[in-house]
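Working through the structure, step by step
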Amino acid sequence: MSNFTNIEPSYLSKEGCRLIWKEVNEDEQHVVLLNKEEFEQLIEFLKNNNSGTVKLEDNFSEILINSDVTQFRLKDRDQLEVDTSELRTQVLDYAKVPHEPLYVQVPSKEFYPSISVHKDETTKSKEKTLLDVILSTKETVSESDLFRVMSTRRSTRKFIKTKVEDWKIEKILAAADTAPSAGNFQGLEVFYIKDKNAKEALIEAANNQPYVNAPLVLVFCMNPKRVKIKFPPQMLEKFSLQDATIAAVHSQLASSALGLSSIWIGMIDEEKVKKILGTDLRPSSILCIGYAAAKKPPKPRRNLKDLIHVLEN
Ligand SMILES: Cc1cc2nc3c(=O)[nH]c(=O)nc-3n(C[C@H](O)[C@H](O)[C@H](O)COP(=O)(O)O)c2cc1C
């Protein structure tokens with residue numbers, strides 16, 4: 001399999017370029033040469049987010065630009081492909097054409113955990129929910145004492161590529177569901193970002209913080225409409241911000257208890273994140289989780305006497 005990697009100047013003319021694909025396991029590379037006119041046509045399609053075809057000068061080869069994938073159908077050679085969003089970024093950067101990143105919109109789907117509640121379990125206890133089942137699964141890690149987890153947790157901005165196991169993801173999500181919330185109305189929603197392009201777009205929406213592209217990415221959003229209490233809208237907004245924040249803290253601590261590490265991202269452009277998620281809900285934070293590249297000692301905190309203010313008579 002070959003992956004599109006980069007664009008380089010053409011050897012033949014100053015204005016054309018070479019698009020390069022590399023094989024995953026070998027040094028072999030595939031090159032598509034574009035002349036000035038072909039490259040300009042490609043730029044035009046990508047700049048305007050249009051689909052279309054660029055015919056190449058051999059009168060056979062062509063570039064088919066679609067919203068998701070761009071295919072290079074080539075004479076006497078295998079077809080090459082690249083994600084259009086990736087090609088767009090590289091081509092427009094290379095040509096120094098100012099551009100805004102494209103907002104990927106992936107419709108959200110229902111979450112189906114790998115664990116299902118067996119019939120006999122539900123009859124044994126009518127109260128048994130999926131949450132109970134997930135949290136009581138035997139799989140766990142040893143260092144789960146809450147105070148140990150709290151005192152050893154550290155933010156991580158460098159994750160190794162190892163995937164987070166599904167059972168751990170389920171526990172992290174279930175942990176969010178154990179959080180207290182105003183009136184127990186659970187004024188929050190969690191977006192579990194599996195889509196690679198959405199993760200890339202979130203990096204940009206988070207002030208280009210690259211570690212947002214972590215193995216597990218959760219976006220915690222506020223949903224004040226769920227909070228059915230007769231209070232002014234500002235209060236419901238505040239409750240839902242608190243609900244979303246506490247749920248994220250539960251997930252963050254659960255991650256640490258499961259031997260993972262995380263980084264809390266508060267520096268986000270809310271409007272951009274909303275577009276990426278395809279929602280009107282305000283995001284409060286992004287929690288990026290994975291296995292830390294290095295273990296770090298806890299950061300110092302201020303003296304307890306400066307933090308705690310005692311009022312007594
Ligand atoms: C509300 C909030 C917003 C944060 N936003 C960011 C952020 O946008 N980018 C980042 O790298 N870290 C962010 N952090 C992580 C903090 O920098 C980190 O928790 C702090 O330095 C303490 O380090 P520790 O988590 O290792 O104890 C945020 C943390 C919180 C609680």
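Quick caveat, the model's predicted, so the values are computed rather than measured. (Residues numbered from 1 in each chain as written. Predicted model: local features only at pLDDT ≥ 70, side-chain atom pairs only at ≥ 80, totals over all residues.)

From N to C terminus, the protein includes ten helices and eleven strands. The globule rule puts the C-alpha radius of gyration for 313 residues at 20 Å, and the 25 Å found for the protein is more than 25% above it. Once the C-alpha set of the protein is aligned to its principal axes, its extents read approximately 85 × 45 × 40 Å. In the protein, which comprises 313 residues, the proportion classed as buried is 29%. Residue pairs at least 24 apart in sequence account for 61% of intrachain contacts in the protein once pairs closer than 6 positions are excluded. (Helix = DSSP H or I, 4+ residues; strand = E, 2+ residues; numbered from the N terminus. Rg over C-alpha atoms; globule rule 2.2 N^0.38 Å. Buried ≥ 20, exposed ≤ 12 C-beta atoms within 10 Å, placed from the backbone. Contact = placed C-beta atoms within 7 Å.)

For the rest of this paragraph, the subject is the domain arrangement of the protein. Interface size is often expressed as the accessible area that is lost when the parts come together. Taken domain by domain, the protein holds domain 1 (2-94) and domain 2 (119-290). Distance between the C-alpha centres of domain 1 and domain 2: 39 Å. (Domains from an automatic or database assignment.)

A separate point is the sheet that holds strand E3 (residues 29-34). With antiparallel pairing, three strands are arranged side by side in an open sheet as E1-E2-E3. Looking along the sheet, the strands with just one partner apiece sit at the ends: strand E1 (2-9) and E3. Neighbouring strand axes in the sheet, compared pairwise and without regard to direction, differ in orientation by 25 degrees on average. Pairing geometry for E1 and strand E2 (residues 17-23), over seven bridges, is antiparallel. Residue Asn 3 lies in a different strand from E2, and its bridge partner there is Lys 22. Packing against the sheet, helix H2 (residues 84-94) makes contact with E1 and E2, and its axis sits at approximately 10 degrees to E1. (Pairing = 2+ DSSP bridges. Axes fitted to C-alpha atoms, helices over the stretch in contact; angles between N-to-C directions.)

Right, let's talk about the nonpolar core for a bit. Ranked by size, the top nonpolar core spans 44 residues in total, and within it Leu 202, Val 217, Val 219, Phe 220, Ile 286 and Cys 288 carry the most contacts. Of all the secondary structure elements, the ones that give two or more residues to this core are helix H6 (166-177), strand E8 (188-193), helix H7 (196-205), strand E9 (216-222), helix H8 (233-257), strand E10 (261-265), helix H9 (270-277) and strand E11 (282-290). Looking at which element gives the most residues to this core, the answer is E9, with seven residues. Leaving out residues up to four positions away in the same chain, Leu 202 has contacts with Ile 193, Val 212, Val 217, Val 273, Ile 276 and Ile 286. In terms of nonpolar packing, the next biggest core, distinct from the first, is built from 17 residues, Cys 17, Leu 34, Phe 39 and Ile 63 among them. (Core = buried A, V, L, I, M, F, W, Y, C linked by C-beta atoms within 7 Å.)

Now for the pairing of E10. Among the five residues of E10, four are classified as buried, and the element is accordingly described as predominantly covered. Summarising the sheet, E10 and E11 pair through five bridges and their orientation is antiparallel. Among the inter-strand pairings, Ser 261 is bridged to a residue of E11, identified as Gly 290.

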